[in-house]
Amino acid sequence: MRAFITGITGQDGAYLSKLLLDKGYEVFGLVRRSSTAEVNDVRLRWLGVADRVNLIDGDLTDLSCLIRCMREIKPDEVYNLAAQSFVKSSWHQPLLTGTVTGLGAGNILEAVRLERPEARFYQASSSEMYGLIQEEKQSERTPFYPRSPYAVAKLYAHWMTVNYRESFGLFACSGILFNHESPLRGIEFVTRKITDGVARIKLGLAKDLALGNLEAKRDWGHARDYVEAMWLMLQQETPDDYVVATGRTVTVREFCRLAFAHVGLDYQEFVRVDPAFMRPAEVEVLLGDPAKATAKLGWTASTTLEEMTAEMVEADLARHRRATRD
Ligand code: GDR
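Rules behind the numbers
Residues numbered from 1 in each chain as written. Predicted model: local features only at pLDDT ≥ 70, side-chain atom pairs only at ≥ 80, totals over all residues. Heavy atoms only, no water. Buried < 20%, exposed > 50% of the residue type's maximum accessible area, 1.4 Å probe, protein only. Helix = DSSP H or I, 4+ residues; strand = E, 2+ residues; numbered from the N terminus. Pairing = 2+ DSSP bridges. Salt bridge = Lys/Arg side-chain N within 4 Å of Asp/Glu carboxyl O. Core = buried A, V, L, I, M, F, W, Y, C linked by side-chain atoms within 4.5 Å. Contact = heavy atoms within 4.5 Å.

J.: Would you mind showing me how to read the pairing of strand S4 (residues 77–80) here?
T.: The two faces of the sheet receive side chains in turn, since in a regular strand these alternate between them. On S4, burial covers both faces: Glu-77 and Tyr-79 on one face and Val-78 and Asn-80 on the other are all buried. Direction of pairing for strand S1 (residues 2–6) relative to S4: parallel, over a ladder of 4 bridges. Residue pairing in the sheet places Thr-6 in a bridge with Asn-80 of S4. Relative to strand S5 (residues 120–126), S4 runs parallel, the two being bridged by 4 bridges. Following the sheet pairing, Glu-77 is matched in S5 by Arg-120.

Have a look at this one:
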């Protein structure tokens, strides 16, 4: 089996590559050329799979390049994980976000339709699409209300996936994933920013940690568990859309408490609120209902928030210890 992954250098791309390689897949991934290419595969290296994946130069905004990829690779499965994925940046770069996160999904769906219609397609949809929530617990049937240019773009990509399934009979699935984290999470996202801050403070490299809205609530799971759900969606008899979540929501404040407590510190002594990290429109609370994924895919989140927080703090402590030794 051959898999083609856009966004292969990101957190989910790395975990998914590892999962598929362990299952015996050949893995190909699209990589945007950049002048800092040497840091591109840091996550793949962290998981020990950098040498086992085939990286291909290209860009989601270039349809001709995606068509070439389909022709040359002839993938059985296509996972579209690439995006401008930082919600806050989407207010500063709304049209770029629309081009990559929204139209980019349209491009890859077109490439699949034109060149490889038998391939199974996965779209990385997001709980951000629920935004100003219309139901206390969000399921596949909950109406969407996006609150950022990022979420608006993801909604376009989601409906294009549904539409290509209904219009052209593509085996196209949309996984509506709630927040998922790990030691490979980008430093700009709040969980990793916190665990990195905890490690710095513990090691005497920083004095405090500036955050935005501490009362926002998220349903946080582990990325390693969530890529399993992606793969399972493509192994079913029929394509469908699934919510992937833990069913538990906690505040950013509570995540801080857990992470600082892991190293024996009280977060209240170190965390300060800086309005610079607030958003023009906030998603106050997200709580997913993964009942369909559990019933149909046999999937449940296996890592608890406490286990994940501990793993992330330990990884950041180890990173900083290594860096200060070198
Ligand atoms: P999110 O993730 O926007 O939910 O999207 P993020 O970790 O950036 O924010 C979560 C919540 O924490 C609040 N917050 C802060 N956020 C950041 N980044 N930095 C801070 O200092 C800070 N202080 C408080 C935010 O306001 C927000 O409420 C993530 C991304 O991975 C998306 O791509 C993905 O689709 C969704 O998760 C599911």
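J.: Explain the pattern of salt bridges here, please?
T.: Between side chains of opposite charge, pairing is possible as soon as their charged atoms come close. Enumeration according to the criterion identifies 21 salt bridges in this entry. Arg-116 serves as the salt-bridge partner of Glu-118, at 3.0 Å between the closest nitrogen and oxygen. Judged by relative accessible area, which is 54%, Glu-118 ranks as exposed. Relative accessible area serves as the criterion here: at 12%, Arg-116 is assigned to the buried category. Through salt bridges with shared partners, a single network forms among Asp-76, Arg-116 and Glu-118.

J.: Help me out: how do you make sense of the nonpolar core in this one?
T.: Most often, soluble globular proteins keep nonpolar side chains buried together rather than apart. Membership of the largest hydrophobic core comes to 39 residues, with the highest contact counts inside it found for Leu-16, Leu-20, Tyr-79 and Tyr-122. Looking at this core, the elements that each hand over two or more residues are S1, helix H1 (11–22), strand S2 (26–31), S5, strand S6 (171–177), helix H8 (223–233), strand S11 (241–244) and helix H10 (291–297). At 8 residues, the largest contribution of residues to this core is made by H8. Apart from the residues within four sequence positions on either side, Leu-16 is in contact with Ile-5, Tyr-79, Leu-81, Val-227 and Met-230.

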